[in-house]
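Each chain is listed here by its residues.
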Amino acid sequence: MIQKKSPEEARKSLDLIFHDLTRSLRVKDELSRFWLFILIMFCIVGVWAWGYQIKEGLGITGMRDYVSWGMYISNFVFFVAVSLIGLLISSIMHLLKIHWAQPISRVAEQVAIAAVGLAGLIIVMDMGRPDRFLNVFLHGRFASPIIWDVTVITTYLVISLLLFYLPLIPDLALMRDRLKGKIPEIQYKIYDILSLGYRGNAQQFKIIYHSLRTLMLLIIPVGLAIHTVTSWLFAATLRPGWDTTIFGPYFVAGAFVAGTAAVIQVMYVYRVRYKLKNYFNDEIFDRMGKTLVFVCLVYLYFNINEFLVPGYKMKTAEGIHLTELFTGKSAPIFWFTQIGGLVLPILLLLIRYFRKPFPLTFIALVTLVASWFKRYIIVVPTLEHPFLPVQNVPEHFVHYSPTNPEITITLFAFFAALLILTALAKLFPVITIWEYAEHQGIEKKIMFNEYEN
Amino acid sequence: MNNANSRRNFLKMAGLTAASAGVAASAGFLSSCNRIEAVEGDRIKLLTSSGELVEVDRASLTPAEIPSLTENQKRGRAGLPGRKWVMVIDLARCRNARKCMEACQTHHQLRPEQHHMNVLQMKDAENTSPYYMPKPCMHCDNPPCTKVCPVNATFKREDGIVLIDNERCIGCRFCIAACPYSARVFNWLEPRDSEKYVGVTYNIEANVPQKKGTISKCLFSADRLRDGKLPSCVSACPNSVYWFGDQNEDAVTNGTTGETVSFSNLIRDNAGYTLLEELGTKPRVYYLPPKGRAFPYQGEIHPS
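Conventions we followed
- Residues numbered from 1 in each chain as written.
- Chains lettered and ligands numbered in written order.
- Predicted model: local features only at pLDDT ≥ 70, side-chain atom pairs only at ≥ 80, totals over all residues.
- Heavy atoms only, no water.
- Buried < 20%, exposed > 50% of the residue type's maximum accessible area, 1.4 Å probe, protein only.
- Helix = DSSP H or I, 4+ residues; strand = E, 2+ residues; numbered from the N terminus.
- Arc of directions from axis to C-beta.
- Contact = heavy atoms within 4.5 Å.
- Expected span 1.5 Å × (residues − 1).
- Axes fitted to C-alpha atoms, helices over the stretch in contact; angles between N-to-C directions.
- Parallel < 35°, antiparallel > 145°, perpendicular 65-115°, else oblique.
- Left-handed = near helix turned anticlockwise from the far one by under 90°.
- Nonpolar A, V, L, I, M, F, W, Y, C, P; charged D, E, K, R; others polar.
- Lys, Arg positive; Asp, Glu negative; His and termini not counted.
- Salt bridge = Lys/Arg side-chain N within 4 Å of Asp/Glu carboxyl O.
- Polar contact = N/O pair within 3.5 Å; in protein donor to acceptor, adjacent residues only side chain to side chain.
- Phe/Tyr/Trp six-rings, centres within 6.5 Å; stacked < 30°, edge-to-face > 60°.
- Pairing = 2+ DSSP bridges.
- Core = buried A, V, L, I, M, F, W, Y, C linked by side-chain atoms within 4.5 Å.

(A) Summary view of helix H2 (residues 69–78) of chain B. Residues and elements named next belong to chain B. Residues of H2 that are buried include every one of Asn72, Gln73 and Gly76, and no others. Down the axis of H2, the smallest arc covering the buried residues is 95°, so these residues share one side. Along H2, exposed side chains directed more than 90 degrees from the buried face belong to Thr70 and Lys74. Looking at the buried positions of H2, the neighbouring elements they touch are strand S6 (154–156), strand S7 (162–164) and helix H6 (222–226). Note on H2: the residue one or two positions beyond its end, glycine 79, has a positive phi of about 85°.

(B) Highlighting helix H3 (residues 30–56) of chain A. Residue and element names in this part refer to chain A. Compared with the 39 Å implied by 1.5 Å per residue over 27 residues, the 39 Å span of H3 between its first and last C-alpha is a close match. Turning to H3, its buried residues number three or more, namely Ser32, Leu39, Cys43, Gly46, Ala49, Trp50 and Gln53. Check the buried side of H3 and you find it contacts helix H4 (71–83), helix H6 (105–125), helix H12 (247–273) and helix H18 (404–427). The positive-phi residue at the C-terminal boundary of H3 is glycine 57, with phi of around 105°.

(C) Highlighting the packing of H6(A) against H18(A). Residue and element names in this part refer to chain A. Taken N-terminus to C-terminus, the directions of H6 and H18 make an angle of 150°; their axes are 9 Å apart at the nearest point. By the angle between their directions, the pair H6 and H18 is classed as roughly antiparallel. You can see that H6 and H18 cross each other, and the crossing is right-handed. Counting all contacts with H6, which are made through Gln110, Val111, Ala114, Leu118, Leu121, Ile122 and Met125, the residues of H18 involved are Ile409, Phe412, Ala413, Ala416, Ala417, Ile420, Leu421, Leu424 and Ala425. Residues belonging to the contact of H6 with H18 are distributed by class as follows: 15 nonpolar, 1 polar and no charged.

(D) The side chain of A:Arg132, seen in detail. Assignment of secondary structure puts A:Arg132 in the loop between H6 and helix H7 (135–138). The buried charged residue A:Arg132 lacks any salt bridge partner; its closest oppositely charged side chain belongs to B:Glu167, at an N-O distance of 4.3 Å. Reaching out from A:Arg132, the side chain makes a polar contact with the backbone oxygen of B:Asn166 at a distance of 2.7 Å. Other than its neighbours up to four places away in sequence, A:Arg132 contacts B:Asn166, B:Glu167, B:Arg168, B:Cys169, B:Ile170, B:Lys211 and B:Thr214.

(E) Layout of the packing of aromatic side chains. Residues and elements named next belong to chain A. All chains considered together, the criterion is met by 41 aromatic pairs over all chains. Measuring from centroid to centroid gives 6.4 Å for tyrosine 191 and phenylalanine 428, while their planes differ by 55°, and the two rings are tilted. Pair noted here: tyrosine 191 is in helix H10 (residues 185–194) and phenylalanine 428 is in the loop between H18 and helix H19 (433–439), with a separation of 237 residues, a long-range link. Considered together, tyrosine 191 and phenylalanine 428 belong to a single accessibility category, that of buried residues.

(F) Inspection of the sheet that holds strand S12 (residues 260–262) of chain B at higher detail. Residue and element names in this part refer to chain B. One open sheet holds the 5 strands; their spatial order is S12-S11-S10-S3-S13, and the pairing between them is mixed. Both outer strands of the open sheet, S12 and strand S13 (285–288), are each paired with one neighbouring strand and no more. On average, adjacent strands in this sheet sit at an angle of 25° to one another, irrespective of strand direction. Pairing between strand S10 (residues 242–246) and strand S11 (residues 251–254): 4 bridges, direction antiparallel.

(G) Local environment of the nonpolar core. Residue and element names in this part refer to chain A. Residues Phe234, Phe280 and Met288 are the most contacted members of the largest nonpolar core, which totals 168 residues. Sort the elements by how many residues they give to this core and H12 lands first, with 16 residues. What methionine 288 contacts, discounting residues up to four positions off in sequence, is Ile89, Trp100, Ile104, Thr260, Val263, Ile264, Met267 and Leu360.

Geometry only, nothing functional implied.
As structure tokens, then:
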């Protein structure tokens, strides 16, 4: 633990930290505007494509009666998976008092909120009748895993929002105290309202602290549930490739891989863009690299179980499915997900050099892309091989290939998620200021002294 | 069914039960007016439930008694009391005539690539003989599809039929993923001839008019069963492949010959079986093995 600083030193140091961590709020250059323009344009195109899909029907996609779930569901599973990183970093690591992870807990929550919010939207975009969405509540049947999914995903979104907001309150109070007159009036008003009159006294902090602890505990079962239930959308069926008992933990392990890789991307962008080299420092990248190796090893273990055991037996239907994955049409994607998404990060990240920010970010990007294709390889090939032969239908019913509007709608989710991340970074500091300052030996008294009784 | 009988049925249908018998098309206007003006010699075209376009004198028409949508959905969910429908498909007699598929697509207003009933070309192992296998919905007693439906849009009725309410279906397609028999189809685009059926009251027991963005599948022609008729496919078969009946009465009737036999004897004497029985779905459709076949297998008549 760092020693306490003298009040003079502490004030100076706090000023510096505050200045650095609010840089993301101030950056308004050409690149920012261009980035926002691109994101908004792509989102508009995506929404337009969805409108077209609603008008014409889901037939504008490559999905048909046999492969009836395609890119949308793969994308949904991917986003649910990514969102699980909020649980790992801002809850489990916090509760285990893993201090190096504290500066990235807000990044993890940003990613969690963007991902789970979009996951909810993607599933509506996959519906044949989105206009009847309310039927889920009006006629909900609790025997269906979809209802469980809707329940836990909404709960997870709410808890994630709270886990984002509660530690933000003291930061909002700091910004309210220090930024008056320096930012647009409306922005100041937002901080003023959202800070809920926080003055930094012990009692107020205690409320936040205890609520946070409770939420961190609560989110563990809920977080595990969202991805377990999502895996049951598949495991609850009788189809070869999905009909397995390890899908719950298999999905959860895979989720941590995707989420860790995603958080590394965001960290790197913030580090470069908002000049936060000393905050998202080499040590954090190094440790995130090690974390990625660890979660990949766990996931590898589940993959070995998932593919090697049935591959050893080659039961009829299961055998057709596995042959398709190992050496058939899906083999290139399958091996890319296994090598790019597991073997590569495990081997390379054991070497210290590759855990430096740039190489790590690049490797994690490959892992993230492989994670997306991994969901695709879980969803699509199984549907291409039903128990009974596919006959008397046109060729495009037999094999799935996504169409352009379908890809546009899928990409929409990515642009919308990036838009949410950008908006959050532009509005709120990307690292919890008070927590970081405290960790640097600055007492709360100093942060809020002018306003204490 | 003999000629006189079918004629009587036709008249009854044209006159009385336009919409409830699954008639739509040109009969659609019936639902929009209460009185029909009797003008002698004024003839109109009607589409019967078996898909024939017929002409009838307007004077002989009376307003159709169409159950309201709510009433239709209610009785559609209840099913026919005291019944337990069962189907037996004799694989030895199927020669891939596909009359069942045609009748079914007409009855349920399906596009050519949509099959409630699909005749598959099967070959179980390398050295076994190929055969044709008509495949409807199995109407399982332990249906994987109804279990996963989030809104209770597909459900199991008392009389054994698994039905769909396309006024409620949200189009999530979880049931398609859950069905191991690939029995379900989806309306990916506008259903066939949808412009003709605008304003026609939905008939849950035939799942017509079909709706874009919702599921459809074989319903054992529940609307025809209510009228005391055999399912469309069963009646259409020229080769005595189908037996259909009530398990509670232990009697099944052949759709081609009209012969009625004991269901349990038929299954027992011919080593009847159900499809993928190891999955535990408990189908209500039974198959008789393709043994002592009435015709040679003719290979890939319809490619793919």
